[in-house]
Amino acid sequence: MTQAPTPTADTVRRLVSSLIKEGTTRGAGGPEVRPVAEGGEHSTWWVGTRHVLRLAPDREAALRQRRELRLRDLVRPHLPVAVPTSVAHGEWAPGLTYTLDTKVPGGTAEQYEVSAVGEADLAGVLTGLREVPARQADTLGVPRTAPRSLEALRRAAGQAAERLAAADEFDPARLNQLTPQAAVQLAAQPGTAVLVHHGLTGEHLVVSADGRVRGILDWTEAAVGDPAEDIAGLAIAVGSPAAVRAATLAGYAARPCLRGLWLARCDTVVRLAEHLKGQDIAPLPLLRLQLRRAWEAILLERVTEFRDEDADDEL
């Protein structure tokens, strides 16, 4: 099997030069190109001040990128925030795709805190994703994913928490709030699948200095599935209270909110433990910050009482 080429600065310059010749970008000598610091499966480069070039590193990533181009056009009318627009796309190597996208102005949720108005923007994103017709997503090849087992994740987090306790990173007793009975109660309900971004983490939220959410990046992992996954992503990105407020404003009741909260909490415990074992390459300060965000207290903490208080709304 032929190994995929590794994109270099020369690769990017040659590609950008060809796009300049085609009139896609302009400027004497061509725009400056420089790598984006954040990681990700795509090799990503800034092109001047207005564009971003993303190169798929393998054929599976290329397939997802082709699907993403069509999906962004589908979701754009439903969202109150920007979705990047491709001004040029094609192949940078045989079978490996690229897209040159317009840059959405702003920073990330790791740079700017989301304001109360920004939480309303996030609510609009969750609402819009729910309104995207699932059948149209199916026709684009967007996969359907089964809900994860919260009980299985709870057990994995319990084992991870013991490792973190030995490293003085986490008190495993905090996981006792999620009992086996509560995990059963918070199972995903049939018929609730919607289009899910599946990556609403801090680096994919474009946030302005005033705390407004201006755009959503990277739609390559989108799927039709459990909406609690996006609530979980927001809990990791902006904190559990803000995520639950946004989800509630979007019309989600207690069950998916609490499910998303515990998906995020268990995920962050597992990932931090994996990092300490050398199995997760994300920066340690970021993983610690994400764990703190996911474990922020919210008003719906008393999960054992949720069946009596909320079952009529959910069933």
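Scroll up to find the structure.
Residues numbered from 1 in each chain as written. Predicted model: local features only at pLDDT ≥ 70, side-chain atom pairs only at ≥ 80, totals over all residues. Heavy atoms only, no water.

(A) Region of the structure containing the sheet that holds strand S8 (residues 205-207). Spatial strand order, S6-S8-S9: three strands in an open sheet with antiparallel pairing. Of all strands in the sheet, those with a lone pairing partner are strand S6 (107-108) and strand S9 (213-216), marking the two edges. Pairing of S8 with S9 involves three bridges; the strand directions are antiparallel. Bridging from a neighbouring strand, Val 206 pairs with Gly 215 of S9. (Pairing = 2+ DSSP bridges. Helix = DSSP H or I, 4+ residues; strand = E, 2+ residues; numbered from the N terminus.)

(B) Looking closely at the pattern of salt bridges. One pass over the full model with this rule turns up 21 salt bridges. Two residues, Asp 138 and Arg 144, come together in a salt bridge whose shortest N-O distance is 3.0 Å. One salt bridge in this structure joins Arg 155 and Glu 151, with 3.1 Å as the shortest N-O distance. Of the two residues, Arg 155 and Glu 151 are both situated in helix H5 (residues 150-166); the distance of four residues between them amounts to about one turn of the helix. For Arg 155, a relative accessible area of 47% puts it in the partly exposed group. (Salt bridge = Lys/Arg side-chain N within 4 Å of Asp/Glu carboxyl O. Buried < 20%, exposed > 50% of the residue type's maximum accessible area, 1.4 Å probe, protein only.)

(C) Layout of the packing of aromatic side chains. Inspection of every chain in the model, using the stated rule, returns two aromatic pairs. Residues Trp 262 and Trp 295 carry aromatic rings whose centres are separated by 5.5 Å and whose planes lie at 90° to one another, so their mutual orientation is edge-to-face. In this pair, Trp 262 sits in helix H9 (residues 254-276) while Trp 295 sits in the loop between helix H10 (284-294) and helix H11 (306-314), placing the two residues 33 residues apart along the sequence. By relative accessible area, which is 6% here, Trp 295 ends up buried. One aromatic cluster in this structure is built from Phe 170, Trp 262 and Trp 295. Just above the ring of Trp 46 sits the side chain of Lys 103; from NZ or CZ to the centre is 4.6 Å. Seen from the ring of Tyr 252, Arg 130 lies directly overhead, with NZ or CZ sitting 4.6 Å from the centre. (Phe/Tyr/Trp six-rings, centres within 6.5 Å; stacked < 30°, edge-to-face > 60°. Lys NZ or Arg CZ within 6 Å of the ring centre and 35° of its normal.)

(D) Expanded view of empty space enclosed by the protein. Inspection of every chain in the model, using the stated rule, returns one cavity of 30 Å³ or more. By volume, the largest cavity is sized at about 40 Å³. Mapped onto the lining of the largest cavity, the elements with two or more residues apiece are helix H3 (116-131) and strand S7 (194-196). Residues belonging to the lining of the largest cavity are distributed by class as follows: seven nonpolar, no polar and two charged. (1 Å grid on protein atoms, 1.4 Å probe; cavity = no way out; pocket = protein on both sides within 12 Å on 5 of 7 lines; lining within 4 Å. Points joined across faces, edges and corners; volume = space filled by probe spheres on them. Nonpolar A, V, L, I, M, F, W, Y, C, P; charged D, E, K, R; others polar.)

(E) Seen up close, the packing of helix H7 (residues 228-238) against helix H8 (residues 240-249). Contact pair H7 / H8: the axes reach a minimum separation of 7 Å and the direction vectors enclose 140°. With respect to each other, H7 and H8 are oriented oblique. Of the two elements, H7 crosses H8, and the hand of that crossing is right-handed. On the side of H7, the interface is formed by Ile 231, Leu 234, Ala 235 and Val 238, while H8 contributes Ser 240, Ala 242, Ala 243 and Ala 247. Residue composition of the contact of H7 with H8, by class: seven nonpolar, one polar and no charged. (Axes fitted to C-alpha atoms, helices over the stretch in contact; angles between N-to-C directions. Parallel < 35°, antiparallel > 145°, perpendicular 65-115°, else oblique. Left-handed = near helix turned anticlockwise from the far one by under 90°. Contact = heavy atoms within 4.5 Å.)

(F) Just helix H2 (residues 59-75), in detail. Given a rise of 1.5 Å per residue, 17 residues ought to cover 24 Å, and the 24 Å separating the end C-alpha atoms of H2 matches this to within 8%. The largest bend in H2 is about 25°, located at Leu 69. Among the residues making up H2, those that are buried are Ala 61, Ala 62, Arg 64, Gln 65, Arg 67, Glu 68, Leu 69, Leu 71, Arg 72, Leu 74 and Val 75. Against the buried residues of H2 lie strand S3 (51-55), strand S4 (86-93), strand S5 (96-102), helix H4 (134-139) and S7. The backbone nitrogen of Glu 60 lies 3.2 Å from a side-chain oxygen of the residue at the head of H2, namely Asp 58. (Expected span 1.5 Å × (residues − 1). Bend = angle between axes of the 7 residues up to and from the residue. Polar contact = N/O pair within 3.5 Å; in protein donor to acceptor, adjacent residues only side chain to side chain.)

(G) Inspection of the nonpolar core at higher detail. By size, the foremost hydrophobic cluster in this structure holds 71 residues, and its most contacted members are Leu 71, Leu 195, Leu 205, Trp 219 and Val 269. Per-element tally for this core: the top contributor is H9, with 12 residues. In contact with Leu 205, not counting residues within four places along its chain, are Gly 107, Thr 108, Ala 109, Leu 122, Leu 200, Gly 215, Ile 216, Leu 234, Ala 237 and Val 238. Core analysis: the next-biggest nonpolar cluster, separate from the first, contains 15 residues, Leu 15, Trp 92, Ala 93 and Leu 96 among them. (Core = buried A, V, L, I, M, F, W, Y, C linked by side-chain atoms within 4.5 Å.)

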